[in-house]
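# Inside the fold
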Amino acid sequence: MNSIIIFGIQGSGKGIQAKLLSARLGYQHIDIGDLLRYHISHHTAIGQQIQSAISRGELMPDVLIFQLIKSTLDKMAHGIVFDGFPRTLAQAEYLIKHFKVQMAFYLQLDEDKAIARIQNRRVCKSCGANYNLNSHKPQHDGICDRCGSELIVRMDDTPEAMAKRIQAFYQQTQGLMGYFENHGLLRVIDADKTPEAISDSLLEALGKA
Ligand code: AMP
């Protein structure tokens, strides 16, 4: 099945870009972080196993990620936009083996800007909608525009977990740029722009602008 990869440092805007692109192309959007958070908030057996490691900012085991992808895959979809996958070399190899990768977009953003974005991130406790206290404020402080529930700091957006996640990004994920470049699939996109401008860059690279 066709697939498009969006990867980059935490806070680079993978989630919003994957959402926009999948809607535009009619592809399934697979957001691994969201799937994991679903298990935690619904207290499934997987959720109970992973909760403390996620809140410490650690990467989850590759086999669990492969299992989640298999169980969520919509075989009728025209394609998939992967958000937050792959994050390790083993995951990139799995991807190339099982999917036809059209392009791998690396969202390039300086670490200090990425950290500032994450510090301003708030998420809805109930529906998971994302806000940013600078660029995408809720209409009423601390309240979700969509469902009226409380906005909170994500459990892995604490300074300690953030430091760990960024370290994992440099140690395991950033190096995948070389892997995708060797496969002729890498496109580096400047993520220090508005979401709309970044989305236009992705569509242009795909010849869909
Ligand atoms: P995200 O919402 O993409 O920031 O992901 C939140 C957390 O989920 C990460 O810090 C990891 O603990 C876990 N996670 C998400 N995607 C992956 C992946 N591909 N491999 C391993 N762990 C992941």
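Let us look at the structure shown here. Note that the coordinates shown come from a computational prediction; the quantities given were computed from them, not determined experimentally. (Residues numbered from 1 in each chain as written. Predicted model: local features only at pLDDT ≥ 70, side-chain atom pairs only at ≥ 80, totals over all residues. Heavy atoms only, no water.)

## Some words on the packing of aromatic side chains
Counted by the stated rule, this structure contains 8 aromatic pairs. A centroid spacing of 5.1 Å and a plane angle of 50 degrees characterise the contact between F82 and F85, whose relative ring orientation is tilted. Seen from their ring centres, Y179 and F180 are 5.6 Å apart, and the 80 degrees between their planes marks the pair as edge-to-face. Of the two residues, Y179 and F180, neither departs from the other in class, the shared state being buried. An aromatic cluster is present here, built from F7, Y106, F169, Y170, Y179 and F180 joined pairwise through their rings. (Phe/Tyr/Trp six-rings, centres within 6.5 Å; stacked < 30°, edge-to-face > 60°. Buried < 20%, exposed > 50% of the residue type's maximum accessible area, 1.4 Å probe, protein only.)

## So, the site of the ligand
Taken together, 15 residues are adjacent to the ligand, and E58, G84, R87, Q91 and R154 come closest. Between the ligand and R37, the relevant distance is 3.0 Å, taken from an oxygen atom to a side-chain nitrogen or oxygen of the residue. Between M60 and the ligand, the recorded distance is 3.0 Å, taken from a backbone N or O atom to a nitrogen atom. Computed on the free molecule, the ligand has an accessible area of 480 Å², of which 96% lies beneath the protein chains in the complex. Top contributing element to the shell around the ligand by residue count: helix α2 (residues 32–41), with 4 residues. The residue inventory of the shell around the ligand, partitioned by class, reads 6 nonpolar, 3 polar and 6 charged. (Near = heavy atom within 4 Å. Polar contact = N/O pair within 3.5 Å; in protein donor to acceptor, adjacent residues only side chain to side chain. Areas by Shrake-Rupley, 256 points an atom, 1.4 Å probe, with all protein chains shown as cover. Helix = DSSP H or I, 4+ residues; strand = E, 2+ residues; numbered from the N terminus. Nonpolar A, V, L, I, M, F, W, Y, C, P; charged D, E, K, R; others polar.)

## Details of the sheet that holds strand β5 (residues 121–124)
Spatially, β6-β5-β7 is the arrangement adopted by the 3 strands of the open sheet, whose pairing is antiparallel. Strands with a single pairing partner mark the edges of an open sheet, and in this sheet they are β6 (130–132) and β7 (151–152). One ladder, built from 2 bridges, connects β5 with β7; its direction is antiparallel. Within β7, the position partnered with V123 by the bridge is I152. (Pairing = 2+ DSSP bridges.)

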